[in-house]
Amino acid sequence: MNLRVLGCSGSDLPGHNLTSFLVNDSVLLDAGTVTSAIDLAAQARIEHIFVSHAHLDHIKDILFLADNLIECFAGKTRPPLAIHGLPEVLDAIATHLLNDTIWPDFTVIPQNSPVLTYAPMTPGVPVALDGLCVAAFPVNHAKAASGFVLWEDGGARNIAYTGDTGPSDAIWRYLDSLPFTLSRLITEASFPSSMQALAEASKHLTPKLLHAELDKLAARPEILIYHMKAPFAAQIRQELETELAGRAYRLLRENDVITI
């Protein structure tokens, strides 16, 4: 399994791409930055998008990806690009974005070969994609927000992605209940610990809160940090050195490629 970081920032600024991870060249975890990060040929290889929640910084490039790929579908029989997520998340995308007001509804155009289709998920029930399995699990963030765990070879190669989340007990119980030992975990540290009140109100984590959350997890995966708010990144990095001391961790950056 290969995972390429297209974007991992909590801020939309020059040099800071919004969240999106490309797995095995054909699967996206969220779609905050896609069309400005990879060329059209790479975009055309994408077959599935797993959406953690309906906040704009995680879904905006679904719109532009669909528009770019229209020529791949017009008059052809390629299967639609599937948008996977919990039903409430897909409903939000259909109602508020792909509604022919904000953006064309690419689930019905072109008429005989639509670009997009919705694929509702049930928490804990894996979706199998050519040897890759993906299961959703609820997290504490926006309405119906979820994280995802991905694995190959019966779990020998695996990674979990919490998406955006605030403190939660259920996440860690679920990850510890997996039939394999979790090896890597992508999770967030959005604000410095001095801004804990704002983090809790917006259901995000600080380094101090992340420390407390990881103490709930029996497994000791490598921790991959994403979603730092760019104006506070230096402070967050310093705090992580203290709060994650003794743990294997790294800060994700755009264009990182992780082989699992």
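The sections below set out a description of the structure shown in this document.

Parameters and conventions
Residues numbered from 1 in each chain as written. Predicted model: local features only at pLDDT ≥ 70, side-chain atom pairs only at ≥ 80, totals over all residues. Heavy atoms only, no water. Helix = DSSP H or I, 4+ residues; strand = E, 2+ residues; numbered from the N terminus. Rg over C-alpha atoms; globule rule 2.2 N^0.38 Å. Contact = heavy atoms within 4.5 Å. Areas by Shrake-Rupley, 256 points an atom, 1.4 Å probe, with all protein chains shown as cover. Lys, Arg positive; Asp, Glu negative; His and termini not counted. Charge placed at Lys NZ, Arg CZ, Asp CG, Glu CD. Pairing = 2+ DSSP bridges. Axes fitted to C-alpha atoms, helices over the stretch in contact; angles between N-to-C directions. Buried < 20%, exposed > 50% of the residue type's maximum accessible area, 1.4 Å probe, protein only. Phe/Tyr/Trp six-rings, centres within 6.5 Å; stacked < 30°, edge-to-face > 60°. Salt bridge = Lys/Arg side-chain N within 4 Å of Asp/Glu carboxyl O.

Notes on the overall build of the protein chain
The secondary structure content of the protein chain amounts to eight helices and 14 strands. Relative to the compact-globule value of 18 Å for 260 residues, the protein chain shows a C-alpha radius of gyration of 18 Å, a close match. Principal-axis analysis of the C-alpha atoms places the extent of the protein chain at approximately 55 × 40 × 30 Å. Of the contacts formed within the protein chain by residues at least 6 apart in sequence, a portion of 61% connects residues at least 24 apart. Element-wise, carbon and sulfur atoms account for 52% of the exposed surface of the protein chain, whose accessible area totals about 10900 Å². Here the protein chain holds 18 positive side-chain charges and 29 negative ones, and the gap between their average locations is 4 Å.

Observations regarding the sheet that holds strand 2 (residues 20-23)
Spatially, 6-5-4-3-2-1-14 is the arrangement adopted by the seven strands of the open sheet, whose pairing is mixed. Since the sheet does not close on itself, it has two edges, and those belong to strand 6 (116-120) and strand 14 (257-259), each with one partner. If you compare each strand with its neighbour and ignore which way they point, the axes differ by 25° on average. Inspection of the sheet shows strand 1 (residues 2-7) paired to strand 2 by four bridges, in the antiparallel sense. Note on strand 2: the bridge partner recorded for arginine 4 is leucine 22.

Here we look at the side chain of serine 11
With respect to the helices, strands and loops of the structure, serine 11 is situated in the loop between strand 1 and strand 2. According to the relative accessible area criterion, serine 11 is buried, its value standing at 10%. Excluding residues within four positions of it along the chain, serine 11 makes contact with His16, Leu18, Met228, Lys229, Ala230 and Pro231.

Regarding the packing of aromatic side chains
Counted by the stated rule, this structure contains eight aromatic pairs. When the centroid spacing of 5.7 Å and the interplanar angle of 70° are considered together, the rings of phenylalanine 50 and phenylalanine 148 count as edge-to-face. Separated by 98 residues along the polypeptide, phenylalanine 50 in strand 4 (residues 48-50) and phenylalanine 148 in strand 9 (residues 146-152) bring together distant segments of the chain. An identical accessibility class is assigned to phenylalanine 50 and phenylalanine 148; each is buried. Each ring, one from tryptophan 151 and one from phenylalanine 180, has its centre 5.5 Å from the other, and the planes form 50°; the classification is tilted. Of this pair, tryptophan 151 sits in strand 9 while phenylalanine 180 sits in the loop between helix 5 (170-176) and strand 11 (184-188), and the two are 29 residues apart along the sequence. What makes phenylalanine 180 buried here is its relative accessible area of 12%. Cluster of aromatic residues (ring-pair linked, three or more members): Phe21, Tyr161 and Tyr226.

Here we look at the pattern of salt bridges
One pass over the full model with this rule turns up eight salt bridges. In this structure, the salt-bridge partner of arginine 184 is glutamate 222, at a minimum N-O distance of 3.4 Å. With a gap of 38 residues between them, arginine 184 in strand 11 and glutamate 222 in strand 12 (residues 222-226) connect regions that are remote in the sequence. Bridged by salt links that share partners, the residues Glu152, Asp153 and Arg157 form one connected network.

Comments concerning the sheet that holds strand 9
Read from one edge to the other, the open sheet built from seven strands follows the order 7-8-9-10-11-12-13, with strand pairing classed as mixed. Lying at the two open borders of the sheet, with one neighbouring strand each, are strand 7 (127-129) and strand 13 (249-251). Pairwise comparison of adjacent strand axes, ignoring direction, gives a mean angle of 20° for this sheet. Judged from the three bridges that link them, strand 12 and strand 13 form a sheet pairing that is parallel. Of the residues in strand 13, the one forming a bridge with leucine 224 is arginine 250.

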